[in-house]
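In case you want the letters, here they are:
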Amino acid sequence: MIAAAVNDGTGHKPLRYAAYIRFNAADQHAKFNRGIQLQAIVEWINRQTAEAAGRLGNIYEDRITLRQPQIYPAFDRLLRDACNGQLQAVVVFDITLIARTPHVTEFYYRLLGGLNVKLCCVRSRRAQHVEQKTRHITR
């Protein structure tokens, strides 16, 4: 079931979360397969309370193939929707699915933050580090 948490009764309006999933189409047994990522994202959203409570809306999926390993049309759509004010928060299973280096991760974190879109990560310490570092820099 893809429905996620509803208002917890505190009067906060639920956030609209979008999920970004990137997976290898040829290897559905990989540790980052589509099902594992989506399930973890839905469970993460369902655990959020108070101001972070919300529901899953759009799911952006990029299937990686050997022929076109670096083409990510769903991620491009996600960024376009963020620029158009259609997203409040983006959840990824692991931050390395968006960026492999801390500098690029920080770039996307700042880009989305500048658009008032929160970047949330289910399981990466790097995302927490970038968030702490960015808060320190922007103060």
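Anything mentioned here points back to the structure above.
Residues numbered from 1 in each chain as written. Predicted model: local features only at pLDDT ≥ 70, side-chain atom pairs only at ≥ 80, totals over all residues. Heavy atoms only, no water.

Describe in detail unusual backbone geometry, supporting the description with residues and values.
Even without being a glycine, Ala50 presents a positive backbone phi close to 50°. Tracing the chain through its elements places Ala50 in the loop between helix H1 (34-47) and strand E2 (54-64). With phi around 60°, Asn116 is a residue other than glycine that occupies positive phi space. (Helix = DSSP H or I, 4+ residues; strand = E, 2+ residues; numbered from the N terminus.)

Could you give an account of the packing of aromatic side chains, naming the residues involved and the relevant values?
One pass over the structure, following the stated rule, counts 4 aromatic pairs. With a centroid separation of 5.0 Å and 85° between ring planes, the pair formed by Phe75 and Tyr108 is classed as edge-to-face. Taken together, the residues span a long stretch of sequence, with Phe75 in helix H2 (residues 73-83) and Tyr108 in helix H3 (residues 102-114) at a distance of 33 residues. Judged by its relative accessible area of 6%, Phe75 is buried. (Phe/Tyr/Trp six-rings, centres within 6.5 Å; stacked < 30°, edge-to-face > 60°. Buried < 20%, exposed > 50% of the residue type's maximum accessible area, 1.4 Å probe, protein only.)

Summarise the sheet that holds strand E4 (residues 118-121); cite the residues concerned and give the values.
Taken in spatial order, the 4 strands of this open sheet run E2-E1-E3-E4, and their pairing is parallel. On the outer flanks of this sheet lie E2 and E4, each paired with one strand and no other. On average, adjacent strands in this sheet sit at an angle of 25° to one another, irrespective of strand direction. Where strand E1 (residues 15-24) and strand E3 (residues 89-92) come together, 4 bridges link them in parallel fashion. For Tyr17, the partnering residue across the bridge sits in E3 and is Ala89. (Pairing = 2+ DSSP bridges. Axes fitted to C-alpha atoms, helices over the stretch in contact; angles between N-to-C directions.)

I'd like to hear about the environment of Gly35, residue by residue, with values.
Within the secondary structure layout, Gly35 lies in helix H1. The class of Gly35 is partly exposed, set by a relative accessible area of 38%. Between the alpha carbons of Gly35 and Ile21 there is a distance of 9.6 Å; along the sequence they are 14 residues apart.

Tell me what's going on with H1, and back it up with residues and numbers.
Between its terminal C-alpha atoms H1 stretches 20 Å, which fits the 20 Å expected from 14 residues at 1.5 Å a residue. Those residues of H1 that sit buried are Gln37, Leu38, Ala40, Ile41, Val42, Trp44 and Ile45. Tucked inside the fold, the buried residues of H1 contact E1, E2, E3 and E4. One side-chain oxygen of the residue at the start of H1 lies 3.0 Å from the amide nitrogen of Gly35, identifying that residue as Asn33. (Expected span 1.5 Å × (residues − 1). Contact = heavy atoms within 4.5 Å. Polar contact = N/O pair within 3.5 Å; in protein donor to acceptor, adjacent residues only side chain to side chain.)

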